[in-house]
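# Structural features, examined
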Amino acid sequence: NSHSSEFQSTHAWAEFYIENLGWVGFDVANGISPDERYVVLANGFDFFDASPIHGLHLDSQNTSLDVSISVQQ
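Residues numbered from 1 in each chain as written. Predicted model: local features only at pLDDT ≥ 70, side-chain atom pairs only at ≥ 80, totals over all residues. Heavy atoms only, no water.

## Points about the overall build of the protein chain
Formally: For helices the rule is a DSSP run of H or I covering at least 4 residues; for strands it is a run of E covering at least 2, with both sets numbered from the N terminus onward. Summary of the burial criterion: residues with accessible area below 20% of their type's maximum are buried, those above 50% are exposed, and those between are partly exposed, where the area comes from a 1.4 Å probe applied to protein chains only. Contacts: residue pairs with any heavy atoms within 4.5 Å of one another. In this description, accessible areas are obtained by the Shrake-Rupley approach with a 1.4 Å probe, and a residue is regarded as covered only by the protein chains that are shown.
A count of helices and strands for the protein chain gives one helix and two strands. Each helix and strand of the protein chain, ordered N terminal to C terminal, gives the series β-β-α. Every one of the 73 residues in the protein chain was classed for burial, and the buried ones make up 11%. In the protein chain, the proportion of contacts linking residues at least 24 apart, taken out of those at least 6 apart, comes to 31%. Within the structure as shown, the protein chain displays about 7,100 Å² of accessible surface, and the carbon and sulfur contribution to it stands at 52%.

## Some words on the confidence of the model for the protein chain
Formally: Scored from 0 to 100, pLDDT records how confident the predictor is in each individual residue.
The share of residues in the protein chain with pLDDT of 70 or more is 74%, and the mean pLDDT across the chain is 76. Between the elements of the protein chain, mean pLDDT differs from a low of 80, seen in helix H1 (residues 47-50), to a high of 91, seen in strand S2 (residues 22-26). Here residues 1-5 scores under 50 on pLDDT; set against residues more than four positions off or in separate chains, the count is six contacts.

## Examining a nonpolar patch on the surface
Condition: The patch calculation keeps residues exceeding 30% relative accessible area without a salt bridge and links them within 9 Å when they carry like charges or within 5 Å when they are nonpolar (Val, Leu, Ile, Met, Phe, Trp, Tyr). Salt bridge criterion: a side-chain nitrogen from Lys or Arg within 4 Å of a carboxyl oxygen from Asp or Glu.
On the surface, Phe16, Ile18, Leu21, Phe26 and Val28 cluster together to form a nonpolar patch covering roughly 520 Å² of accessible area. Val28 gets classed as exposed once you look at its relative accessible area, which sits at 75%.

## With respect to the pattern of salt bridges
Counted according to the given criterion, the structure contains one salt bridge. Put simply, Asp35 and Arg37 hold a salt bridge, and the shortest N to O gap is 2.8 Å. Given a relative accessible area of 28%, Asp35 falls into the partly exposed group. With a relative accessible area of 27%, Arg37 lands in the partly exposed category.

## Here's the deal with unusual backbone geometry
Even without glycine at this site, Asn20 takes up a positive phi of about 70°. Positionally, Asn20 belongs in the loop between strand S1 (14-18) and S2.

## Brief notes about the environment of Glu15
Definition in use: Contacts described as polar in this section are N or O atom pairs within 3.5 Å, which, within protein, must combine one atom able to donate a hydrogen with one able to accept it, while residues neighboring in sequence count only if both atoms come from side chains.
With respect to the secondary-structure elements, Glu15 resides in strand S1. For Glu15, a relative accessible area of 42% corresponds to the partly exposed category. Linking Glu15 and Phe26, residues 11 residues apart in sequence, is a C-alpha distance of 6.1 Å. Apart from the residues lying within four places of it in its own chain, the contact partners of Glu15 are Trp23, Val24 and Gly25. In this structure the side chain of Glu15 is engaged in a polar contact, spanning 3.1 Å, whose partner is the side chain of Trp13.

Structure, rendered in structure tokens:
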């Protein structure tokens, strides 16, 4: 499974604290552990804590989500 340097979607991953190892991330959607390409935008205990969209959306036929992130040092 090859991975490009740009992901074409927005999604979440889980992190678990493992004793003697620390926090370890799991990205099930891409089958890898998060690395330097990942940017944390929110933290939470579940989807509702870190959801990028809040509220109701009634028109499910014409739905799109455009996401753009610029990271500079």
